[in-house]
Amino acid sequence: MDLGIAGKRALVCASSKGLGLGCAQALAEAGVNLVMNARGKEALELAAEGIRTKYGVDVATVAADITTEDGRSAVLEAAASVDILVTNAGGPPPGMWTDWERDDFIAALDANMLAPIALIKALVPGMIDKGWGRVVNITSQSVKAPIAVLGLSNSARAGLTGYVAGTARQVAPHGVTINNMLPGIHATDRAVSLDTGVSQQQGITLDEARQQREATIPARRYGTAEEFGAMCAFLCSQRAGFIVGQNILLDGGAVNATL
Ligand code: NAP
């Protein structure tokens, strides 16, 4: 299927590894030129070079923390007037509801709610001027079904979801769509770090922790960054112009709900 976006430009945040990298690769495969971002320069350059070599698109890189104002300024300087925005950042740490103080919530809100909102506010006006744009926010299945130990994530991502629900309807008349992708468990560094926590807590091996979690997923496996990226590229495509303000779950059936 021709996605019809060859030659467009995208900012993909937090994209040196994992789900962000999957999105960057799938957009590049569709012929989209990229601005890629992550904090660590080495992994970012490696990922960018891999994409340039494989797909022949232009890739600019900005090593910066997307959750800070300074980091965003640097990224936005390189990404002015992009057609496509994919927001992403690391997830907050797990814990108990009693663990979190105001500063912990502020950090989670900065990373997983206010950073994407600031990027949307900075870049969507340019998309509206052109009469075309796509925004995809990487959130979490925890928006639909809470993950108790990820209370900071549950809270911040729910806030972003509420903002997007209204905003998506305000920008849709201008040819701009905003949607959220909700990953269930995917085989990335983030999953390894959560499995490591479980293995230490329960005194089991990392493999056992993974098998235990895989057994809770109807698909009986973790998702891949490639599958995730393919959905992102579709949502950013010409074909997806009528998909507005949706929360697309990619979880192998883990959330047990009819709708
Ligand atoms: P990952 O494999 O750990 O990759 C995270 C990527 O984001 C890396 O490239 C990392 O590079 C970059 N990054 C992290 N913090 C950043 C920041 N402040 N500024 C710029 N770049 C940053 O994580 P992932 O599994 O792809 O997860 C991506 C998002 O999806 C997270 O918010 C996660 O909570 C959420 N999620 C993941 C899963 C899953 O199963 N994987 C499930 C639900 C939700 P640097 O460290 O060099 O910055």
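Residues numbered from 1 in each chain as written. Predicted model: local features only at pLDDT ≥ 70, side-chain atom pairs only at ≥ 80, totals over all residues. Heavy atoms only, no water.

In the annotation of an unreviewed UniProt entry, the entry for the protein chain reads Bacilysin biosynthesis oxidoreductase YwfH, and the organism field reads Actibacterium lipolyticum. Listed under Sequence similarities (unreviewed entry) in UniProt, the entry text for the protein chain is "Belongs to the short-chain dehydrogenases/reductases (SDR) family." (UniProt positions renumbered as here; feature names shortened; annotations may be inferred.)

Q: Go over the domain arrangement of the protein chain with me, naming the residues and quoting the values.
A: Domain annotation of the protein chain identifies domain 1 (9-185 + 224-250) and domain 2 (187-222). If you look at the interface, domain 1 gives ten residues, while domain 2 gives ten residues. Of the roughly 790 Å² buried at the junction of domain 1 and domain 2 (both faces included), carbon and sulfur atoms supply 58%. It is I185, T224 and E227 in domain 1 that bury the most area against domain 2; as a group they hold 58% of the surface buried on that side. (Domains from an automatic or database assignment. Contact = heavy atoms within 4.5 Å. Buried area = accessible area lost by both parts, 1.4 Å probe.)

Q: Tell me what's going on with a negative patch on the surface, and back it up with residues and numbers.
A: Taken together, D99, E101, D103 and D104 make up a surface patch of like negative charges. Positionally, E101 belongs in the loop between β4 (84-87) and α4 (102-130). Exposure remark for E101: the relative accessible area of 52% places this residue in the exposed category. (Patch = residues over 30% accessible without salt bridge, like charges linked within 9 Å, V, L, I, M, F, W, Y side chains within 5 Å. Areas by Shrake-Rupley, 256 points an atom, 1.4 Å probe, with all protein chains shown as cover. Salt bridge = Lys/Arg side-chain N within 4 Å of Asp/Glu carboxyl O. Lys, Arg positive; Asp, Glu negative; His and termini not counted. Charge placed at Lys NZ, Arg CZ, Asp CG, Glu CD. Helix = DSSP H or I, 4+ residues; strand = E, 2+ residues; numbered from the N terminus. Buried < 20%, exposed > 50% of the residue type's maximum accessible area, 1.4 Å probe, protein only.)

Q: Help me get a handle on the side chain of N137, residues and values and all.
A: Within the secondary structure, N137 sits in strand β5 (residues 133-138). The exposure class assigned to N137 is buried, which follows from its relative accessible area of 0%. There is a polar contact of 2.7 Å between the side chain of N137 and the side chain of T87. For N137, the residues in contact, after removing those within four places along its chain, are T87, P116, I120, L160, V164, I178, N179, N180 and M181. (Polar contact = N/O pair within 3.5 Å; in protein donor to acceptor, adjacent residues only side chain to side chain.)

Q: Lay out the environment of A111 with the relevant residues and their values.
A: Structurally, A111 can be placed in helix α4. A111 sits 46 residues away from R157 along the chain, and the two C-alpha atoms are 9.6 Å apart. Beyond its immediate sequence surroundings of up to four residues, A111 is in contact with T67, A89, G90 and P116.

Q: Would you mind going over the pairing of strand β1 (residues 9-12) in detail, with residue names and values included?
A: In the sheet, β1 pairs with strand β2 (residues 33-38) via four bridges, with the strands oriented parallel. What sits directly across from R9, in β2, is N33. Taken together, β1, helix α1 (residues 18-29) and β2 constitute a β-α-β crossover, and its handedness is right-handed. In terms of strand pairing, β1 meets β4 through three bridges, oriented parallel. Bridge pairing in β4 links A10 to I84. (Pairing = 2+ DSSP bridges. Right-handed = clockwise from strand over helix to strand, strands pointing away.)

Q: Mind laying out the pairing of β4, listing which residues take part and the relevant values?
A: Side chains I84 and V86 of β4 all project onto a buried face; the interleaved residues L85 and T87 project onto the opposite face, where all are buried too. In the classification by handedness, the crossover that spans β4, the intervening α4 and the parallel β5 is right-handed.

Q: Account for the sheet that holds β4, with residues named and values stated.
A: Pairing is parallel across the open sheet formed by seven strands, whose spatial order is β3-β2-β1-β4-β5-β6-β7. With partners counted over all chains shown, the strands left at the sheet margins are β3 (59-63) and β7 (247-250), one partner each. Sheet twist, expressed as the average angle between the axes of neighbouring strands with direction ignored, equals 15°. Looking at chain direction, β4 and β5 are connected through four bridges and run parallel. From the neighbouring strand, V86 faces β5, where its bridge partner is V136. Together, β4, β5, β6 (176-183) and β7 form the strand contacts of helix α8 (residues 225-235), whose direction differs from that of β6 by roughly 165°. (Axes fitted to C-alpha atoms, helices over the stretch in contact; angles between N-to-C directions.)

Q: Hey, could you go over empty space enclosed by the protein for me, with residue numbers and the actual values?
A: Considering all chains together, one arrives at one cavity of 30 Å³ or more under this definition. What the largest cavity holds in volume is close to 50 Å³. Taken together, T87, N88, A89, A111, N112, P116, I138, T139, R157 and L160 form the lining of the largest cavity. With three residues, α4 is the largest single contributor of residues to the lining of the largest cavity. Residues that form the lining of the largest cavity fall into these classes: five nonpolar, four polar and one charged. (1 Å grid on protein atoms, 1.4 Å probe; cavity = no way out; pocket = protein on both sides within 12 Å on 5 of 7 lines; lining within 4 Å. Points joined across faces, edges and corners; volume = space filled by probe spheres on them. Nonpolar A, V, L, I, M, F, W, Y, C, P; charged D, E, K, R; others polar.)

Q: Requested: an account of the state of the cysteines, with residues and values cited.
A: This structure, assessed with the given rule, holds zero disulfides. Here C236 stays free of any disulfide, with the sulfur of C232 as its closest cysteine sulfur at 4.2 Å. Assessed through its relative accessible area of 0%, C236 is described here as buried. (Disulfide = S-S within 2.5 Å.)

Q: Lay out the site of the ligand with the relevant residues and their values.
A: Not every one of the 28 residues close to the ligand is listed here, only the nearest: S16, L19, A89, H186 and T188. Between the ligand and I66, the relevant distance is 3.0 Å, taken from a nitrogen atom to a main-chain nitrogen or oxygen of the residue. Between an oxygen atom of the ligand and a side-chain N or O atom of T188, the distance comes to 2.4 Å. About the coverage of the ligand: the protein hides 89% of its 880 Å² of free accessible area. (Near = heavy atom within 4 Å.)

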